[in-house]
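# Overview (structure and organization)
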Amino acid sequence: MDLHDHPYTEGWKDMGFKSFFAGIVWRVLSVILFTFGLVYTFLEEDSLILSVIFLLLLIGMTMNLISYGNTTNRKITRFLESIRYSDFSSTFTKDSKLGKSFREMNLSFNEVIDAFKKTRAEKEEQMLFLQIMIQHINTGILSFDSKGRIGVINGAAKQLLQIHQFKDIYDLGKLSPDLLAKVVDLKPGGSFSINLRSDLHLNVQSAAFKMDGNSWTLISFQNIKTELQKNELQAWQNLTKVLRHEIMNSMTPIASLANTLGIILEEDIQEKDDGMLELDSECYMDLSEGLGTISKRSTGLVNFVNAYRDYTNIPQPILTNVSVKQLFDNCHVLLKEELAKSGISLSLQMNPAGLEIRADQELIQMILINLIKNAKEAMAQAENKEILLTAGLDVQSIPFIRVTDHGEGIVPEALERIFVPFFTTKKTGSGIGLAISRQIMNLHQGSLEVQSTPGKQTTFLLRFG
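Now for a description of the structure that goes with this document. (Residues numbered from 1 in each chain as written. Predicted model: local features only at pLDDT ≥ 70, side-chain atom pairs only at ≥ 80, totals over all residues. Heavy atoms only, no water.)

### Focus: the overall build of the protein
Keep this limit in mind: Only runs of H or I of at least four residues qualify as helices and only runs of E of at least two qualify as strands under DSSP, and these elements are numbered from the N terminus. Buried means the residue's accessible area, taken with a 1.4 Å probe over protein chains only, is under 20% of the maximum for its type, while exposed means over 50%, and partly exposed covers the values in between. Two residues qualify as a contact provided that any one of their heavy atoms is within 4.5 Å of a heavy atom in the partner residue. Under the convention used here, a 1.4 Å probe and the Shrake-Rupley method define accessible areas, while residue burial counts only the protein chains that appear.
When you go through the protein residue by residue, the secondary structure sums to 13 helices and 14 strands. With 465 residues in all, the protein has 33% of them scored as buried. A fraction of 56% describes how many contacts in the protein between residues 6 or more apart in sequence connect residues 24 or more apart. If you sum the accessible surface of the protein, you get close to 29,400 Å²; carbon and sulfur atoms cover 56% of it.

Here is the structure:
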């Protein structure tokens, strides 16, 4: 039995002390009184029975004083344990009669517990909402920890992956070993696409987070087959328009000119008595000029077909670890004299100094050379004749290379079309260089983007991964 509720002290408890301080004072005085009683009976009365009684009362009161003094500690301990174990059913109203300070402390404890209770209810509502939302979105969601154990998987992921028993991430191998290997090797913030079936082309993205001290990976799956088919159809339609336009531009004048030359031959050629054909000088010049024009247009058409062949036959990149410094140095050596003739300097910056990229060195070097040459042509009338090559890592630790010039820039109307095959803003050129460059970056699982302010600055950005 707790001495605080002992029968000997129950009467004291009910005496209506108005404060915790009064309760302490009363118990201290009682301990002093019982001490004097014990000493007096032991020394003066020489009564063993009374001495034992006073000793027991002294011990009981001392223990009661200690227990009463620990009331605050017990209350705080019970409050902290309620927080620790999320037990918000506790209330603190029992000993409000111990004084105003205790009533205020009980009230504060109850307000804190109510606030925790409300916060937990709100979090549970938010968690329920997130669970419902995750289950209802069309994108497949799957999370797994460092040991491969599955945390969350929604209905869309199950429907896309069609794996009946999904115990851990390695069950992805049942669908595709290649998919499993790419998911396991995928870095946080990375993405890839993979064609698994005729009706399933997945775009996969990754994110990382920590929960309960464990590292988790969140994977999202989306079937982009329909979107790819739409884009493919649109691409073919655009390509057909370009092909029709270029071929008609070449063939129409060739056909018209050939017909004209045929008429000239019929009308101006004369047959001599000996059967020889005679042609005057004016007719000869017309024929010569017409045939020359046909030759030029035919050559242009052949060049166009060759450019189309180059665009559709880009070799698959052979990926190795490439030093960006070596890549920059190679471009500098190759283009140094050509740039110097135009009074243009090429500045190189990279951070970190030993930055490497996973790429095909020859193909990336070809892109950089093409971009630098384009920048040189754009800076013919520029005052600041400097091309800046910059390399580094972005906030997601993804390597990038930037090519910046201060030339004439690109107008907004053309900015979205410069990567379209055979579109060009220059008087000469096939309009195929930037299209091939972006295609090469796509084969590297990267991207090529451009930003331009006409008359001030143009920057091409290569991102790897």
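### Here's the deal with the sheet that holds strand E1 (residues 140-145)
Within a beta sheet, neighbouring strands are joined by backbone hydrogen bonds and run either parallel or antiparallel to one another. Defined as follows: One requirement defines pairing of two strands: DSSP has to find at least two bridges between them. The axes are straight lines fitted to the C-alpha atoms, using for helices just the contacting stretch, and the angles between their N-to-C directions are given from 0 to 180°.
Across the sheet, 5 strands lie side by side as E2-E1-E5-E4-E3; this open sheet has antiparallel pairing. Sheet topology places strand E2 (150-153) and strand E3 (191-197) at the edges, where each strand pairs with a single neighbour. If you compare each strand with its neighbour and ignore which way they point, the axes differ by 25° on average. With 2 bridges joining them, E1 and E2 adopt antiparallel strand pairing. Within E2, the position partnered with phenylalanine 144 by the bridge is isoleucine 150. The sheet contacts of helix H7 (residues 177-185) involve E1, E3, strand E4 (200-211) and strand E5 (214-223), and relative to E3 the element is tilted by about 170°.

### Details of the packing of aromatic side chains
Note the threshold: Two aromatic rings, drawn from Phe, Tyr or Trp (for Trp, its six-membered ring), form a pair once their centres lie within 6.5 Å of each other, and the interplanar angle then sorts them: stacked below 30 degrees, edge-to-face above 60, tilted otherwise.
This structure, assessed with the given rule, holds 1 aromatic pair. On the numbers, 6.5 Å between centres and 10° between planes, the contact of phenylalanine 209 with tryptophan 216 is stacked. By relative accessible area, tryptophan 216 is classed as buried at 13%.

### Brief notes about unusual backbone geometry
For the peptide bond that leads from asparagine 351 to proline 352, omega is 10°, which places it in the cis range. The residue proline 352 is located in the loop between strand E9 (345-351) and strand E10 (356-359) in this model. With a phi close to 65°, serine 397 is a non-glycine residue in the positive phi region. Note on placement: serine 397 falls in the loop between strand E11 (386-393) and strand E12 (399-405). Residue glutamine 445 is not a glycine yet carries a positive backbone phi of 60°.

### Digging into the nonpolar core
The condition that has to hold: Throughout this description, the term nonpolar core refers to a set of buried Ala, Val, Leu, Ile, Met, Phe, Trp, Tyr and Cys residues connected via side-chain atoms within 4.5 Å.
Formed by 42 residues in total, the largest nonpolar core has its most connected members in Leu368, Ile372, Ile387, Ile401, Phe460 and Leu462. For this core, the element with the highest residue contribution is helix H11 (residues 361-378), accounting for 8 residues. If we skip the residues at most four places from it in the chain, leucine 462 touches Ile367, Leu368, Leu371, Pro399, Phe400, Ile401, Met441, Ser447 and Leu448. Membership of the second largest hydrophobic core comes to 22 residues, among which are Phe166, Leu200, Leu202 and Phe221.

### Description of a nonpolar patch on the surface
Which entries qualify depends on this criterion: Patch criteria: residues need more than 30% relative accessible area and no salt bridge. Like-charged residues are merged within 9 Å; nonpolar side chains of Val, Leu, Ile, Met, Phe, Trp and Tyr are merged within 5 Å. Between Lys or Arg on one side and Asp or Glu on the other, a salt bridge is scored when a side-chain nitrogen of the former is within 4 Å of a carboxyl oxygen of the latter.
Together, Val25, Val28, Leu29, Ile32 and Phe36 make up an exposed nonpolar region whose accessible area comes to about 430 Å². Owing to a relative accessible area of 32%, valine 28 belongs among the partly exposed residues under this scheme.

### What to know about H11
Within an α-helix, residues lying three or four positions from one another point in the same direction, as the helix has 3.6 residues per turn. Applied cut-off: In this scheme, a helix's expected span is set at 1.5 Å multiplied by one less than its residue total.
With 18 residues, H11 should reach 26 Å at 1.5 Å per residue; the first-to-last C-alpha distance of 26 Å fits that figure. Among all positions of H11, only Leu363, Ile364, Gln365, Ile367, Leu368, Ile369, Asn370, Leu371, Ile372, Ala375, Lys376 and Ala378 are buried.

### Comments concerning the pattern of salt bridges
One pass over the full model with this rule turns up 6 salt bridges. A salt bridge links lysine 174 to aspartate 171, with the nearest nitrogen and oxygen atoms 3.6 Å apart. Among the residues examined, aspartate 171 registers a relative accessible area of 11% and is labelled buried. Here aspartate 394 makes a salt bridge to arginine 463, at a shortest N to O gap of 2.8 Å. Note that aspartate 394 is positioned in the loop between E11 and E12 and arginine 463 in strand E14 (residues 457-463), a separation of 69 residues in sequence. According to the relative accessible area criterion, arginine 463 is partly exposed, its value standing at 23%.

### Some words on the side chain of serine 447
For serine 447, the position within the fold is in strand E13 (residues 447-453). Those residues in contact with serine 447, other than ones at most four positions away along the chain, are Met441, Leu461, Leu462 and Arg463.

### Examining helix H10 (residues 324-341)
Rules: To obtain the bend at a residue, axes are fitted to the seven residues ending there and to the seven starting there, and the angle between these axes is taken.
Compared with an ideal rise of 1.5 Å per residue, which puts 18 residues at 26 Å, H10 spans 26 Å between its outermost C-alpha atoms and is within 8% of the ideal. Taken as a whole, H10 carries its principal kink of about 55° at leucine 335. When we look at burial in H10, the residues that qualify are Val324, Leu327, Phe328, Cys331, Leu335 and Leu339. For H10, the elements touching its buried residues are strand E8 (320-323), E9, E10, H11, E11 and E12. Positive phi shows up at glycine 343, right after H10, with a value of about 70°.

### Notes on the sheet that holds E14
One open sheet accounts for 5 strands, arranged E9-E11-E12-E14-E13; its pairing is mixed. Of all strands in the sheet, those with a lone pairing partner are E9 and E13, marking the two edges. Strand-to-strand twist in this sheet, taken as the mean axis angle between neighbours without regard to direction, amounts to 15°. Bridge analysis of E13 against E14 gives 7 bridges, and the strand direction is antiparallel. The partner of serine 452 across the bridge, within E14, is threonine 458. On top of the sheet, H11 reaches E9, E11, E12, E13 and E14; it is set at about 20° to E12, its chief contact.

### Some points on a negative patch on the surface
Quick note on the threshold: His is not counted here, nor are the chain ends, while Lys and Arg score as positive and Asp and Glu score as negative. Throughout, a charge is located at the NZ atom of Lys, the CZ atom of Arg, the CG atom of Asp or the CD atom of Glu.
A surface patch of like charges, here negative, comprises Asp280, Glu282, Asp286 and Glu289. Its location among the elements puts aspartate 280 in the loop between strand E7 (277-278) and helix H9 (281-312).

### Observations regarding the packing of H10 against H11
Formally: Should the near helix be turned counterclockwise from the far one by less than a right angle, the crossing is left-handed, whereas a clockwise turn marks it as right-handed. When residue character is reported, Ala, Val, Leu, Ile, Met, Phe, Trp, Tyr, Cys and Pro are called nonpolar, Asp, Glu, Lys and Arg charged, and the others, Gly included, polar.
Taken N-terminus to C-terminus, the directions of H10 and H11 make an angle of 35°; their axes are 10 Å apart at the nearest point. For H10 against H11, the interelement crossing comes out right-handed. Here H10 contributes Gln326, Leu327, Phe328, Asn330, Cys331, Leu334, Leu335, Glu338 and Leu339 to the contact with H11, which in turn contributes Gln361, Ile364, Gln365, Leu368, Ile369, Ile372, Lys373 and Lys376. A per-class count over the contact of H10 with H11 returns 10 nonpolar, 4 polar and 3 charged.

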